[in-house]
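Next come the chains, spelled out residue by residue.
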Amino acid sequence: MSGSSAALQPPADAVQPVRHPDAPAPGELLGAHYGQCFGCGGEQAHGLHLEARAGEGVSVTAEFTVRSAHQGAPGLAHGGVLATALDETLGSLNWLLRTIAVTGRLETDFARPVPVGTVLHLEAEVTAVAGRKIYSTATGRIGGPDGPVAVRAEALFIEVKVDHFIDNGRPEEIRAAMDDPDQVRRARAFEVNP
């Protein structure tokens, strides 16, 4: 990243991230954390349908295909959609820590245009943890995992309790998520986003 803000620099007492012992195994598909999520949910007709996989350590890889509904300029992905893809990928990292966290800050660099029809290959990793703060980075490439960099991001996630969502979400959707009999889906529904 070029010139990231001081808020994204881990403090001197930050520690290396530790993958939770119950985290998905490297290569395992993480699946959607919530069906209605614009980033990864399968119930969003125009969503990204981003698919993330656990990587080694505290890292993930992800892909999404830029479709016509994701355009900004004619034939090119909207910058906000690309930032969403980065945010979704970065947020998926918290599942490897088994921490409920929300995006506190996201800084994005756009290096090159991403045409409609492109598969964007994303990689993200947690770089440090300091108390409730989780520092991470991500890169998006076109043409393959080793292709040219199109977008980069640095992020700060803040660990929260599930009450954050209960107090701020729409009651009917919170109830539906809390009543889901699948424990993993129930826990992951409250994974990311402010």
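For the structure itself, consult the block above.
This report concerns the structure included in the present document. (Residues numbered from 1 in each chain as written. Predicted model: local features only at pLDDT ≥ 70, side-chain atom pairs only at ≥ 80, totals over all residues. Heavy atoms only, no water.)

**Here's the deal with the overall build of the protein chain**
Point 1. Across its full length, the protein chain carries four helices and six strands.
Point 2. Counting over 194 residues, the protein chain shows a buried share of 43%.
Point 3. Put simply, of all contacts in the protein chain between residues at least 6 apart along the chain, 66% involve residues at least 24 apart.
Point 4. Of the roughly 9,600 Å² of accessible surface on the protein chain, 51% is carried by carbon and sulfur atoms. (Helix = DSSP H or I, 4+ residues; strand = E, 2+ residues; numbered from the N terminus. Buried < 20%, exposed > 50% of the residue type's maximum accessible area, 1.4 Å probe, protein only. Contact = heavy atoms within 4.5 Å. Areas by Shrake-Rupley, 256 points an atom, 1.4 Å probe, with all protein chains shown as cover.)

**Considerations on the environment of serine 136**
Point 1. For serine 136, the location among the structural elements is in strand β5 (residues 133–142).
Point 2. When sequence neighbours within four positions are dropped, the list of residues in contact with serine 136 reads Leu90, Leu93, Glu125, Val126, Thr127, Ala153, Glu154, Ala155 and Phe157.

**Description of the sheet that holds strand β6 (residues 149–159)**
Point 1. Strand order in the open sheet formed by six strands is β1-β2-β4-β5-β6-β3, with antiparallel pairing between adjacent strands. Edge positions in the sheet fall to β1 (51–54) and β3 (101–110), since each has one partner strand and no second. Direction aside, neighbouring strands of the sheet carry axes that sit 20° apart on average. (Pairing = 2+ DSSP bridges. Axes fitted to C-alpha atoms, helices over the stretch in contact; angles between N-to-C directions.)

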